[in-house]
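Coordinates in review
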Amino acid sequence: MKLIDSARVIRSKNAGPTQMTIDILFDEAEAFEQARNSKNLTESAIAARYGLSQNQVRIIPYPAANALKVVMDRALIAGTPGDRDVYGAQQHGPLLDLVL
Amino acid sequence: MSAFDKLLASISGQSPRPPLRVLAASGQLGYGIPEAALKAGIARKPHVIGADMGSIDPGPAYLGSGNMATSPSMTARDLRLVLTAARQLDVPLLIGSAGTAGTNSQLHAVAEILRQVAAKENLHFNLALIEADMPRDVVVEAVNGGRTQAIGAIAALDNDTVNDAANIVGQMGVEAFHRALALGADVILAGRACDTAVFSAVPILLGYPAGEATHMAKIIECSSICCIPGGRDAMLGTLDENGFVLESMNPDRRATPTSVAAHSLYEQADPYTVAEPDGVLHVDSAQYEAVDERRVRVHGARWEPSPRASVKIEGATWVGERAILMAGAADARFIENVEDIISAVKETARDIAPPDPAHPYVLYFRHYGLNGVVDWPEPPEVLPREIFLLGECIAATAEEAKAVIAVVRQHLLHHGFPGRLSTGGNLAFPLTPPEMSAGTAYRFSVYHIMSLENNADLSTLFPIRMEEL
């Protein structure tokens, strides 16, 4: 199943101007556990989808909200000339078709 | 007797301390506070009203220029709503990050609007203004003493970066608000402030546990965003010695254990800790329990005081003057070749308008439909039938930026390329003129933690001006 079909919320946003975070929230603990343990949803798999190296991406599970948090460095600090997304609110697209 | 002293007197001697109602009127004062929920909140007779007005999120332009993101008229409207409520109830009103970035220029612009509102409404009170511009010599001293540290992917600070910044502000914590309350402030208008401090300062000064108070503040500072459905309506936090209850003042918004727990993720790199100037909040131990369908009780966050105070500092620096070009295309051959075409036209522009080596202009193009929003590592499998182009020139002067982008526009319109079909012109302009000056470009140059040599230095970084209205 693709992430777009299994997650309830997939949102990206700046965590301060130097970092971006993507929250993936699931309705049920079962779906969360499946995503958490999926071999396709790893730091290296996500890095590849954003053209980053693996050490620039971190995944933090947050079971209290059935959520996975992805944290990555921004290629450009928010609002620096050349930036595409000052708030970082539309950077989740590359994850939507990821198959768990 | 100040509003805070009255509050203190009303609870003194009570053990345990009685439930304290903190009304978060807005997480973005100046963009229009929804009035019905605010009124419902006021009807609950809050002991303190708080509102946040700023953020670093809108980008470096506001910090760099010192201009406000919100309009003066809407700012006046929102100030009137919170000010009249707080004075009617005679409770403390705390407003943080005045004027978007919380620079001194923004703080004083908002203060002037506030004075006009107070005069018009015939309100009289003691006002505290707390400034947050960082003295450059203090920051330079911290840099030279190895007491600044980058947050995330930004260069380490050096003296030039500090001195070149258009503005540098520091985020004040509860300490500054406590000083203002001690001076008898009924209303506090603060420059750049931790969004938590606006809502936790009064509870902490009254002796409520710092862990619970800070956790509650961290959630309600975004008003009703932690609810389902999320929104901008006022949020009420009711704090006691062992935890707090959250309730949106819009009956259609429900706070649930999951929705509130999920809020710890929001705009945070680390969902388990929140760093403040004087300590760290740990929320990994927090518990979330439903009180009913739309209220949640939270407890269990831990507060760990820091032995050494630190301040998050934010600075923006001038980059250049900006002009932009907006155009679209629906030609398959143009879309297929757009990257090469733009490169060729940039070369042509450089021949016609050679960049000044001392301050060369820079051209950026975003190709919406292809990669305007996300820097995708791979092109799309199927090309779109239309694309939108946003061209941007940043130059030393506005005149140069406009001149260069006009050259680019005209040569892009008529650029010939192999296989070209649409020889009448490559671009569709939705507007005329299609290029326009777009103001000054800034970038964030400072986003660091500055640790202090002495905790007492906090009080000198955020000076207070009292005035009687």
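Residues numbered from 1 in each chain as written. Chains lettered and ligands numbered in written order. Predicted model: local features only at pLDDT ≥ 70, side-chain atom pairs only at ≥ 80, totals over all residues. Heavy atoms only, no water.

1. Points about the sheet that holds strand β1 (residues 9-14) of chain A
Residues and elements named next belong to chain A. Spatially, β1-β2-β4-β3 is the arrangement adopted by the 4 strands of the open sheet, whose pairing is antiparallel. Only two strands of the sheet have a single neighbouring strand rather than two, namely β1 and β3 (57-62). Pairwise comparison of adjacent strand axes, ignoring direction, gives a mean angle of 20° for this sheet. Where β1 meets strand β2 (residues 19-25), 6 bridges bridge the pair, whose relative direction is antiparallel. Paired with Ser12 across the strands is Ile22, a residue of β2. Taken strand by strand, helix α3 (residues 43-50) contacts β2, β3 and β4 (67-73), and its axis lies near 130° from that of β3. (Pairing = 2+ DSSP bridges. Helix = DSSP H or I, 4+ residues; strand = E, 2+ residues; numbered from the N terminus. Axes fitted to C-alpha atoms, helices over the stretch in contact; angles between N-to-C directions. Contact = heavy atoms within 4.5 Å.)

2. Topic: the sheet that holds strand β11 (residues 279-282) of chain B
Residues and elements named next belong to chain B. The strand order across the open sheet formed by 3 strands is β10-β11-β14, and the pairing between neighbours is antiparallel. The outermost strands of the open sheet, each flanked by one partner alone, are β10 (273-276) and β14 (302-305). With direction set aside, neighbouring strand axes in the sheet form an average angle of 20°. For β11 and β14, the ladder comprises 4 bridges, and the chain directions are antiparallel. Across the sheet, His282 pairs through a bridge with Arg302, a residue of β14.

3. Overview of unusual backbone geometry
Residue and element names in this part refer to chain B. Here the residue pair Ile228 and Pro229 is connected by a cis peptide bond, since its omega of -15° sits within 30 degrees of zero. Considering the arrangement of structural elements, one finds Pro229 in the loop between α10 (210-220) and β8 (235-239). For the bond from Thr432 to Pro433, the omega torsion is -5°, close enough to zero to count as cis. Within the element layout of this structure, Pro433 appears in the loop between α14 (398-413) and β18 (435-451). Notably, Asn122 is not glycine yet its phi reads approximately 55°, a positive angle. For Asn122, the position within the fold is in the loop between α5 (104-121) and β4 (126-130).

4. Description of the interface of chain B and chain A
Contact residues are listed per partner, giving 37 residues for chain B and 42 residues for chain A. Of the roughly 3100 Å² buried between chain B and chain A, counting both surfaces, carbon and sulfur atoms make up 62%. Interface area lost by chain B to chain A is led by Asp57, Leu265 and Ala269 of chain B, which between them contribute 18%. The closest approach of N and O atoms between Glu267 of chain B and Lys13 of chain A, which form a salt bridge, is 2.6 Å. Counting across the interface, chain B meets chain A through 12 residue pairs in polar contact (both at pLDDT 80 or more). When contributions to the side of chain B that touches chain A are tallied by element, the ones reaching two or more residues are α11 (257-263), β15 (310-329), β16 (362-368) and β18 of chain B. Element by element, the count of residues in the side of chain B that touches chain A is highest for β18 of chain B, at 4 residues. Its residues assigned to classes, the side of chain B that touches chain A comprises 24 nonpolar, 7 polar and 6 charged. (Buried area = accessible area lost by both parts, 1.4 Å probe. Salt bridge = Lys/Arg side-chain N within 4 Å of Asp/Glu carboxyl O. Polar contact = N/O pair within 3.5 Å; in protein donor to acceptor, adjacent residues only side chain to side chain. Nonpolar A, V, L, I, M, F, W, Y, C, P; charged D, E, K, R; others polar.)

5. Quick word on the packing of helix α2 (residues 35-43) of chain B against helix α4 (residues 72-89) of chain B
Residue and element names in this part refer to chain B. α4 packs onto α2 with a crossing angle of 10° between their chain directions and a minimal axis gap of 11 Å. Between α2 and α4, the angle falls in the class roughly parallel. For the pair α2 and α4, the sense of crossing is right-handed. Residues Glu35, Leu38 and Ile42 of α2 form the contact with α4, whose participating residues are Arg77, Leu81, Ala85 and Leu89. A per-class count over the contact of α2 with α4 returns 5 nonpolar, no polar and 2 charged. (Parallel < 35°, antiparallel > 145°, perpendicular 65-115°, else oblique. Left-handed = near helix turned anticlockwise from the far one by under 90°.)

Note that every value here comes from positions in space, so none of it alone points to a role or purpose.
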